[in-house]
Amino acid sequence: MGDGDGSTRGATLAGLGGLVALAASVLLPFHLGGGLGTAIAVGFLAGGALLAMASIELASRFPRDSGGRWMRNWAVLGAAGFFVSGLGLVGDVVERPIVTAEIAAVAATAAWWVAVWWRLRDRRRWFAGFTLLAAAGSIAALIGQAVWEPPAGAIPARFAYVLWGPWGLWLAAVLVRGVARRA
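Note that this is a predicted model, so its numbers are computed, not measured.

Student: A description of the pattern of salt bridges should follow, citing residues and the corresponding values.
Tutor: Note that side chains of opposite charge can pair when their charged atoms are close. Counted according to the given criterion, the structure contains four salt bridges. Across the pair Arg-9 and Glu-57 runs a salt bridge, and its minimum N-O distance is 3.1 Å. One end of the pair, Arg-9, is in helix α1 (residues 4-31); the other, Glu-57, is in helix α2 (residues 37-60), and 48 residues separate them in sequence. One salt bridge in this structure joins Glu-102 and Arg-158, with 2.7 Å as the shortest N-O distance. Residue Glu-102 is located in helix α4 (residues 99-120), and its partner Arg-158 is located in the loop between α5 (125-147) and α6 (164-182); the two are separated by 56 residues in the primary sequence. Take Glu-102 and Arg-158: they sit in the same class, and that class is buried. Where salt bridges share partners, they join Arg-9, Glu-57 and Arg-61 into one cluster.

Student: Break down a nonpolar patch on the surface for me, citing the residues and quoting the values.
Tutor: A contiguous nonpolar surface patch, about 530 Å² in accessible area, is contributed by Ile-139, Ile-143, Val-147, Trp-148 and Phe-159. Looking at the element boundaries, Ile-139 is found in helix α5. The exposure class assigned to Ile-139 is partly exposed, which follows from its relative accessible area of 40%.

Student: Pulling in residues and values, what's your account of the packing of aromatic side chains?
Tutor: Tallying each qualifying case throughout the model produces 12 aromatic pairs. Considering the side-chain rings of Phe-82 and Trp-164, the 5.3 Å spacing of their centres and the 80° angle between planes classify their relative orientation as edge-to-face. With Phe-82 in helix α3 (residues 66-93) and Trp-164 in helix α6, this residue pair connects regions lying 82 residues apart in the sequence. For the pair Phe-82 and Trp-164, one class covers both residues: buried. With a centroid separation of 5.0 Å and 35° between ring planes, the pair formed by Tyr-161 and Trp-164 is classed as tilted.

Student: Explain the environment of Gly-47 residue by residue, including any values.
Tutor: As for its position among the elements, Gly-47 is in helix α2. Once the C-alpha coordinates of Gly-47 and Ala-23 are considered, the two residues, 24 residues apart in sequence, prove to be 9.3 Å apart.

Student: Residues and numbers for the environment of Gly-86, please.
Tutor: If you trace the backbone, Gly-86 turns up in helix α3. Along the primary structure Gly-86 and Ile-40 are separated by 46 residues, whereas in three dimensions their C-alpha atoms are 9.8 Å apart. Apart from the residues within four sequence positions on either side, Gly-86 is in contact with Ala-41, Phe-44, Leu-45 and Trp-164.

Thresholds applied
Residues numbered from 1 in each chain as written. Predicted model: local features only at pLDDT ≥ 70, side-chain atom pairs only at ≥ 80, totals over all residues. Heavy atoms only, no water. Salt bridge = Lys/Arg side-chain N within 4 Å of Asp/Glu carboxyl O. Helix = DSSP H or I, 4+ residues; strand = E, 2+ residues; numbered from the N terminus. Buried < 20%, exposed > 50% of the residue type's maximum accessible area, 1.4 Å probe, protein only. Patch = residues over 30% accessible without salt bridge, like charges linked within 9 Å, V, L, I, M, F, W, Y side chains within 5 Å. Areas by Shrake-Rupley, 256 points an atom, 1.4 Å probe, with all protein chains shown as cover. Phe/Tyr/Trp six-rings, centres within 6.5 Å; stacked < 30°, edge-to-face > 60°. Contact = heavy atoms within 4.5 Å.

None of the figures reported here should be taken as evidence of function without further support.
Next up, the structure:
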């Protein structure tokens, strides 16, 4: 899929993004009491930014054929989804919500995960399967947004953000294994 340096960089970005997003996810219960909202939002923004860069790096690992160009296009969409989602949480904390953009961003991230699954379903089945599960979780959050009448201030689509941590860590592991096989 690419050279070792790029895969190592991608693994580092994905791993850091996954860890930061996982930490923000773990802190979510503390936000229910009204505390740590800013820290959680900034954590998801940082995790989203790192996962956005890792998504672009992952797509750059594919050959420059038409399928590789296809993946890079989807990666831009996914990267925007991660970043806008994280930015939306910060906007919510500073009372400048961008809920519609966040909902679109969750859909963009789900579409990116479906593209990753489609491209890797024959070569890296476990990672592709996990990615498809993440996409399904995001789609379920979007359906919840459409059918659930949440209390004021609750945005069901945001439940998709807790999928970032595990996906980033899994992506990092896949990229590291790819580097180890070529070394």
